[in-house]
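What follows is the residue order along each chain.
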Amino acid sequence: MLKDDIANILVDEQQILTRCREIARIIDENYQGKQPIMVALLKGSVVFLAELLKNIELAIEVDFLDVSSYEGTESTGEINIRKDLDRSIRNKEIIIVEDIVDTGRTLNAVKKYLYDKGAASVEVATLLDKKSRRVIEIEAEYVGFDIPDYFVVGFGLDFNQKYRNLPYIGVLKEELYK
Ligand code: IMP
């Protein structure tokens with residue numbers, strides 16, 4: 001069973017659901033009278049996206065972007081687009097939906113990409129934030145949970161494409177990836 005690979009649960013399902021409702025309420029307030037587009041980064045953010053969507057009352061739109069860092073050494077902050085947005089975002093207000101901000105390189109590059117495409121504004125909602133790992137100074141406007149530097153899985157986050165379907169955020173047993 002997947003759960004046998006988890007050393008401990010860092011954030012349980014109830015905590016996540018409660019926090020998603022809180023973030024949805026704040027987004028509803030901040031974007032009153034507006035129609036932002038939520039741009040979810042595949043694939044890790046989809047469970048978080050779904051939980052936000054269920055709770056947001058605004059007339060929002062959703063689009064998906066799939067990016068990868070350039071292969072080789074640790075990401076340079078340059079990205080390849082594996083799946084681009086379906087529609088123009090010119091003059092639109094964007095909320096990026098991300099699973100976790102680690103070094104900040106992915107987010108920084110994606111933000112730049114969206115502004116280059118003509119976005120009027122770009123904010124970020126992330127389920128998790130590993131602030132201690134930041135290499136690039138970048139902050140998310142909406143953060144589910146600040147977490148220490150553990151490798152975590154579940155609620156959309158994977159290790160080798162597995163564990164995304166765990167309903168909580170768990171720390172993966174070290175022997176599985178070391
Ligand atoms: P950044 O560009 O270094 O901020 O990388 C962010 C990406 O790294 C996330 O979207 C995840 O795909 C991946 N990542 C970072 N830490 C973890 C983790 O603890 N578990 C699973 N994926 C992670």
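In this report, the structure presented in the accompanying data block is examined. What you see is a predicted model; the values in this text were computed from it and never measured.

A word on the packing of aromatic side chains
In total, this model carries 3 aromatic pairs according to the counting rule given. Note on Phe-151 and Tyr-177: the rings are 5.4 Å apart at their centroids and 45° apart in plane angle, and the pair reads as tilted. Of this pair, Phe-151 sits in the loop between β7 (142-146) and β8 (152-153) while Tyr-177 is found in the segment after β9 (169-172), placing the two residues 26 residues apart along the sequence. The class for Phe-151 is partly exposed, based on a relative accessible area of 31%. Of the aromatic side chains, those joined through ring pairs into one cluster are Phe-151, Phe-159 and Tyr-177.

Description of helix α1 (residues 13-30)
Because each turn of an α-helix spans 3.6 residues, side chains separated by three or four positions in sequence point in the same direction. Its 18 residues give α1 an end-to-end C-alpha distance of 26 Å, which sits within 8% of 26 Å, the value for a rise of 1.5 Å per residue. The set of residues buried in α1 consists of Ile-16, Leu-17, Cys-20, Ile-23, Ala-24, Ile-27 and Asp-28. Each buried residue of α1 sits inside an arc of 140° when the element is viewed along its axis, so together they form one side. Its side-chain oxygen at 3.1 Å from the backbone nitrogen of Gln-14, Asp-12 defines the N-terminal cap of α1.

Side note on the packing of α1 against helix α2 (residues 46-55)
α2 packs onto α1 with a crossing angle of 55° between their chain directions and a minimal axis gap of 8 Å. Here α2 runs oblique to α1, going by the angle between their axes. Regarding α1 and α2, the two cross each other, and that crossing is right-handed. Here Leu-17, Cys-20, Arg-21, Ile-23, Ala-24 and Asp-28 of α1 come into contact with α2, specifically with Phe-48, Glu-51, Leu-52 and Asn-55. When its residues are assigned to classes, the contact of α1 with α2 shows 6 nonpolar, 1 polar and 3 charged.

Some words on the site of the ligand
Around the ligand, the structure places 15 residues, and the nearest of them are Asp-99, Thr-103, Gly-104, Thr-106 and Val-152. Within the side chain of Asp-99, an N or O atom sits 2.9 Å from an oxygen atom of the ligand. The side chain of Thr-103 places a nitrogen or oxygen atom 2.4 Å from an oxygen atom of the ligand. Isolated, the ligand exposes 500 Å² of accessible area, and the fraction of that covered by the protein chains is 80%. Those elements giving two or more residues to the shell around the ligand turn out to be β5 (93-101) and α3 (105-116). In terms of residue count, the dominant contributor to the shell around the ligand is β5 (4 residues). Of the residues assigned to the shell around the ligand, the class counts are 6 nonpolar, 3 polar and 6 charged.

Conventions adopted
Residues numbered from 1 in each chain as written. Predicted model: local features only at pLDDT ≥ 70, side-chain atom pairs only at ≥ 80, totals over all residues. Heavy atoms only, no water. Phe/Tyr/Trp six-rings, centres within 6.5 Å; stacked < 30°, edge-to-face > 60°. Helix = DSSP H or I, 4+ residues; strand = E, 2+ residues; numbered from the N terminus. Buried < 20%, exposed > 50% of the residue type's maximum accessible area, 1.4 Å probe, protein only. Expected span 1.5 Å × (residues − 1). Arc of directions from axis to C-beta. Polar contact = N/O pair within 3.5 Å; in protein donor to acceptor, adjacent residues only side chain to side chain. Axes fitted to C-alpha atoms, helices over the stretch in contact; angles between N-to-C directions. Parallel < 35°, antiparallel > 145°, perpendicular 65-115°, else oblique. Left-handed = near helix turned anticlockwise from the far one by under 90°. Contact = heavy atoms within 4.5 Å. Nonpolar A, V, L, I, M, F, W, Y, C, P; charged D, E, K, R; others polar. Near = heavy atom within 4 Å. Areas by Shrake-Rupley, 256 points an atom, 1.4 Å probe, with all protein chains shown as cover.

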